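Structural overview for review
Letter by letter, the chains look like this.
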Amino acid sequence: MLLHIVNKSPFINNSLESCLRAAKKNSGVLFIEDGVYGALDNTAITPQVKKAMKDKKFFVLASDLKARGVSDGVIKGIEVVDYGGFVDLTTQYDVVESWL
Amino acid sequence: MLLHIVNKSPFINNSLESCLRAAKKNSGVLFIEDGVYGALDNTAITPQVKKAMKDKKFFVLASDLKARGVSDGVIKGIEVVDYGGFVDLTTQYDVVESWL
Amino acid sequence: MKFGIMINEGPYTHQASDTAYHFTKAALEKGHEIFRVFFYHDGVNNSTRLTTPPQDDRHIVNRWSALAEKYKLDMVVCVAAAQRRGIADADEAKRNGKDADNLAPTFRISGLGQLIEAGIQSDRLVVFGD
Amino acid sequence: MKFGIMINEGPYTHQASDTAYHFTKAALEKGHEIFRVFFYHDGVNNSTRLTTPPQDDRHIVNRWSALAEKYKLDMVVCVAAAQRRGIADADEAKRNGKDADNLAPTFRISGLGQLIEAGIQSDRLVVFGD
Amino acid sequence: MSDDEMMQEGGTIKKFCYVNRKAPYGTVYALESLEVVLIGAAFEQDVSLIFMDDGIYQLKKNQDTSDSDMKNFSPTYRALEMYDVEKLYVEKESMEARGLTEDDLVVPVEVKTSKEISELMDEQDVVLSF
Amino acid sequence: MSDDEMMQEGGTIKKFCYVNRKAPYGTVYALESLEVVLIGAAFEQDVSLIFMDDGIYQLKKNQDTSDSDMKNFSPTYRALEMYDVEKLYVEKESMEARGLTEDDLVVPVEVKTSKEISELMDEQDVVLSF
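Report follows, based on the coordinates.

Expressed as a screw operation, the relation of chain D to chain C combines 0.0 Å of axial shift with a rotation of 180°, fitting to an RMSD of 0.0 Å. Classification of the inter-copy transformation places it as that of a two-fold axis. By C-alpha distance to the rotation axis, the residue of chain D lying nearest is D:Ala100, at 3.1 Å. A share of 96% of interface residues in chain D that are also interface residues in chain C marks the association as one of identical surfaces.

Below, the structure written as structure tokens:
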């Protein structure tokens, strides 16, 4: 099973959209860098992510949320991980795909 | 009056969309680099561009179309210019804004 | 007319430097004046003389240098952006305690004020980037 | 587990090199092995010793070098990508007729085969870029 | 040059507009754009800053890079006033798409619709976009 | 390592997948990605190429860089077969959004839906995305 990494803002770039189109049921999606804006509640993107959460597991990198001042706004159900957690995820899933 | 330059593919990046939101009536829009895909007919983006063509003038850089093998597909009414024409446009409009 | 040119991306990775080159050349050939070419962000990477592209590809750095020589262009590399990215002339290298420098001839390192000045003095400032 | 790390963007301009650094450090601290760190595309710009960032900012190149020394990391810079962007060690500089080189210690220049090998030999290849 | 330009203390005053469309930290554009604004302030031009798209995130409160080892430059926006850079505009549509309000931002801004932003852009002499 | 991996001539064979999502020429990723594929071919792995989003434009017929002074690398895709790189997949949804058909492409490809692409990605051992 794949871990998908999304590092682009979903407001600017289509990589989250493409990732969700190609991500299988039960795969993981990790938001890092400017991708963390995709993990936020009450945005124009939120409905797409909430829909995808029904059959995929979502994660977001804590330090990138904190740097951007958005730690408080994460959608309930998305797991916040630190770099150690990021490393663990890459071992728990079989393959890592970065949506650059 | 502004000349807006769009150099990003509209399939990937929102810069054309933002440009069109902020471009005044009668302003110019020039597609260069990967932006030239926005000048093509029969794509998912075409309707937005055709709508904007009603009150704005559109241009596209010839050599960037040619490099990408899409010279034949340009929407009718978009003017194809070479680098000399690009220079002329920047003199004909008062200010140049690049939507990076 | 008098143009200011700003280049914000490095060579090869983004097309910005190519487009800026062809634009600048076309403007000069039409008799326009180029007040200054200013390299900022990764654009500073256009100014290293250590570049060695494949034989069958364009040499972006040398191409700028040739244009600058032909038309006496003022090509300015932002010092702050250059320091972050490892671009240095002999003076900068000495000042920062480095054992080598890499700035190509025809480029000079200076401050951001040179960009603002280009904006003020030019009739048009055209920005090329990503 | 054994990790291969690929870095595709230069320092400061994109966060990729920062993220890769923190990931690599965290993996090492958890006892994982890093088979290789491979620098490609603009990622090669992480390996110049001429970088002098502002005093109040991180030094991305030196940070990689320190990590490499502590954990004996194999940090490989792609030769083709390096040539396009003006990154050279003493051998490369000599071979290309350059009067200077800029590769920082702890990095080595080699071919793309080293990336494929990292893909084959590592349990996970993690790519950081733009 | 447009009719709007005035002369003051022997120099030209132009309307400079900085359009900020990129998020902070993921790329360096926001930080290096701010450096241009600060240097530009010394030239006593008529400066406006527009924040649209992800550029609005540059002004988000509570930025904290202590776990990222990057430079937190958000306090600098609060210092702009001291440099007489006081015209900060935020696009309403971009703010709404992100679920943000003026209360979320580190500085007072004027919220403008796309249409108002387009009028504002059209009055400028120089537009620098990042 | 997954159960799918086999041993041949004493070496591991892994399923390598290159995901190409970027247009040619605007950035160097397409060209440098192709260089990885060509070098990788010598390692005799099980290679698949996926083209989706703007990556499909890499395969567009009639590319002609004679006015751009850039290297036209599109003929190389036709040479991939000689390197035993024969599994080229194109995402149907991306092709349709661009109004393209298989006839527009320089090489024969297999068109797959997003769902089929996702199955294919899930079978891989190493995914390199550009």
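That covers the picture; the talk isn't over yet.
Moving on, we come to the side chain of C:Gln15. In this structure, C:Gln15 sits in the loop between strand E1 (2-7) and helix H1 (16-29). For C:Gln15, a relative accessible area of 2% translates into the label buried. Those residues within four positions of C:Gln15 in sequence are excluded, and the remaining contacts are B:Glu33, B:Asp64, B:Arg68, F:Tyr25, F:Gly26 and F:Met70.

Turning our attention to the arrangement of the chains. Between chains C and D lies the most contact-rich interface of the twelve pairs of chains that touch. Separated throughout, chain E and chain F approach each other most closely at a C-alpha pair spaced 17 Å apart.

A word on the packing of aromatic side chains. Enumeration according to the criterion identifies 34 aromatic pairs over all chains in this entry. Ring geometry for C:Phe38 and C:Tyr40: centres 6.2 Å apart, planes at 45°, overall tilted. Like C:Tyr40, C:Phe38 is buried. Between E:Phe16 and E:Tyr18 the ring centres are 6.4 Å apart and the planes differ by 35°, which places this aromatic pair in the tilted class. On the basis of relative accessible area, E:Tyr18 is assigned to the buried category, the value being 1%. Through a chain of ring-to-ring contacts, the aromatic side chains of A:Tyr83, A:Phe86, D:Phe3, D:Phe23 and D:Phe128 assemble into a single cluster. Sitting over the ring of D:Tyr21, D:Arg63 keeps its end group 4.3 Å from the ring centre. For E:Arg98, the ring lying beneath its charged end belongs to A:Phe11, and the centroid distance is 4.3 Å.

A word on unusual backbone geometry. Look at C:Tyr12: it is not a glycine, yet its phi comes out positive at around 75°. With respect to the helices and strands, C:Tyr12 occurs in the loop between E1 and H1. Unlike most non-glycine residues, D:Lys72 shows phi in positive territory, near 55°. Among the structural elements, D:Lys72 can be located in the loop between helix H2 (60-71) and strand E3 (75-78).

We now examine the sheet that holds strand E3 (residues 15-20) of chain F. Note on sheets: strands pair through backbone hydrogen bonds, and any given pair is parallel or antiparallel. Residues and elements named next belong to chain F. The parallel open sheet is built from five strands, whose spatial order is E6-E5-E4-E3-E7. At either margin of the open sheet sits one strand with a lone partner, and together these are strand E6 (110-112) and strand E7 (126-129). Adjacent strand axes in the sheet meet at a mean angle of 25°, parallel and antiparallel pairs treated alike. The pairing of strand E5 (residues 87-91) with E6 spans three bridges and is parallel. Among the inter-strand pairings, Val-90 is bridged to a residue of E6, identified as Val-111. Contacts from helix H1 (residues 29-41) reach E3, strand E4 (46-51) and E7 within the one sheet, and its direction differs from that of E3 by about 160°.

Analysis parameters
- Residues numbered from 1 in each chain as written.
- Chains lettered and ligands numbered in written order.
- Predicted model: local features only at pLDDT ≥ 70, side-chain atom pairs only at ≥ 80, totals over all residues.
- Heavy atoms only, no water.
- Least-squares fit on C-alpha atoms with pLDDT ≥ 70 in both.
- Contact = heavy atoms within 4.5 Å.
- Helix = DSSP H or I, 4+ residues; strand = E, 2+ residues; numbered from the N terminus.
- Buried < 20%, exposed > 50% of the residue type's maximum accessible area, 1.4 Å probe, protein only.
- Phe/Tyr/Trp six-rings, centres within 6.5 Å; stacked < 30°, edge-to-face > 60°.
- Lys NZ or Arg CZ within 6 Å of the ring centre and 35° of its normal.
- Pairing = 2+ DSSP bridges.
- Axes fitted to C-alpha atoms, helices over the stretch in contact; angles between N-to-C directions.

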